[in-house]
Amino acid sequence: MRLAIVHNPYFQAKIEKNHRFPMPKYGRVAEMLVEDGLAEQGSFHSPGPAPANWVGLAHDRRYVDQVFEAKVADEIERLIGFRVNESVAMRSRHACAGTVMTARLALEKGLAVSTAGGSHHAKRAHGAGFCVFNDVGVAASLLLEEGEADSILVFDCDVHQGDGTAEIFRDEPRVKTVSIHAEKNFPTRKEQSDLDVALPDGVRDQAYLEVVEDTLERAFDITRPDIVFYNAGVDPHEDDRLGRLSLTDAGLAERDRRVIGFFRDKRVPLAGVMGGGYSSDVEEIARRHTILHRVASEFV
């Protein structure tokens, strides 16, 4: 049985060339998965665009309409970090629907992963930090709305705190947010997750993995989720342009193996999203992102 992988070409939007956000990585990840035999061309589960009523479960409807119309205010675009043109708007809608699809496949199969997602800085009223819509926020809200889950855990290992997700679910007891991140990294002003683990600069593989193990147990103590959204950002890597930690490729792979293995052992469905990863070398960063998909394939 093949791993359920969600992908759509719309995940890669058109933005300014040489932007520090490596948008071309999304298409390249999918190509690599085919080249490596983890997927076949045409075998990806492909979502359409999320409708406004889905996105509006996690975001202010006025902001949703502005994105859908590609008419976002300049000050919000500055917070996001690039212009929200029609291509970016469609990417954001497809990424949200992709995470919804990933979650539903996980509920069906036990495990599924996306080639996008993890836009965890987008808050209810606006986007920020290269994040237009909070796809996990949308997907978790929809599962609750449709009665597909009653208890949800967001386990976020991106190097940056999942501040937007924490803010969206601040008053929602059915969703617990956990974030393991670099203490001194973006965002400057942190939100309060249900469980925050802030790390000093330069943490390496072994110490990081010990933290992950401890945090998995602590997270499971505060909730018995029907599904887990796992943000597998690769920006804790030692070579990441925007990270402050010092993990290796092997460390990232072992992190993913321990997180996925923990919840598979507990028989809790897991939906994996890519999260952040920053490099001027698209081949390098795309290859690093495929660690999630390669490790997840070990569990099917």
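Reference entry: report on the structure contained in this document. (Residues numbered from 1 in each chain as written. Predicted model: local features only at pLDDT ≥ 70, side-chain atom pairs only at ≥ 80, totals over all residues. Heavy atoms only, no water.)

## A word on empty space enclosed by the protein
A full pass over the atoms with the stated rule returns two cavities of 30 Å³ or more. The space that makes up the largest cavity amounts to roughly 130 Å³. Lining the largest cavity are 17 residues, and of these Phe21, Gly118, Cys131, Gly275 and Tyr278 sit closest to its centre. When the residues that make up the lining of the largest cavity are grouped by side-chain class, the tally is five nonpolar, nine polar and three charged. Considering the residues around the second largest cavity, the lining is formed by Arg91, Ser92, Ala95, Cys96, Ser119, Val132, Phe133 and Asp135. Per element, the largest residue contribution to the lining of the second largest cavity is four residues, and it comes from helix 5 (residues 86–109). For the lining of the second largest cavity, a count of residues per class yields four nonpolar, two polar and two charged. (1 Å grid on protein atoms, 1.4 Å probe; cavity = no way out; pocket = protein on both sides within 12 Å on 5 of 7 lines; lining within 4 Å. Points joined across faces, edges and corners; volume = space filled by probe spheres on them. Nonpolar A, V, L, I, M, F, W, Y, C, P; charged D, E, K, R; others polar. Helix = DSSP H or I, 4+ residues; strand = E, 2+ residues; numbered from the N terminus.)

## Concerning the sheet that holds strand 1 (residues 4–6)
Pairing in this open sheet of seven strands is parallel, and the strands run 1-2-7-6-3-4-5 from one edge to the other. Either end of the sheet is taken by a strand with one partner, and the two such strands are strand 1 and strand 5 (195–199). Strand after strand, the sheet turns through a mean of 15° between neighbouring axes, direction not considered. Summarising the sheet, strand 3 (residues 152–156) and strand 6 (residues 227–231) pair through five bridges and their orientation is parallel. Among the inter-strand pairings, Phe155 is bridged to a residue of strand 6, identified as Tyr230. Across the face of the sheet, helix 6 (residues 135–145) comes into contact with strand 3, strand 4 (175–182), strand 6 and strand 7 (270–273) while running at roughly 175° to strand 6. (Pairing = 2+ DSSP bridges. Axes fitted to C-alpha atoms, helices over the stretch in contact; angles between N-to-C directions. Contact = heavy atoms within 4.5 Å.)

## Concerning the packing of aromatic side chains
Using the criterion set out here, one finds eleven aromatic pairs in the structure. Both rings, one in Phe21 and one in Phe82, keep their centres 5.8 Å apart while their planes meet at 55°; by these two values the pair is tilted. Of this pair, Phe21 sits in the loop between strand 1 and helix 1 (25–35) while Phe82 sits in the loop between helix 4 (74–80) and helix 5, and the two are 61 residues apart along the sequence. A relative accessible area of 4% means that Phe82 is categorised as buried. Members of the aromatic cluster, each reached through a chain of ring pairs, are Phe21, Tyr26, Phe82, Phe130 and Tyr278. A cation over a ring is seen here: Lys25 above Tyr278, with NZ or CZ 5.5 Å from the ring centre. (Phe/Tyr/Trp six-rings, centres within 6.5 Å; stacked < 30°, edge-to-face > 60°. Buried < 20%, exposed > 50% of the residue type's maximum accessible area, 1.4 Å probe, protein only. Lys NZ or Arg CZ within 6 Å of the ring centre and 35° of its normal.)

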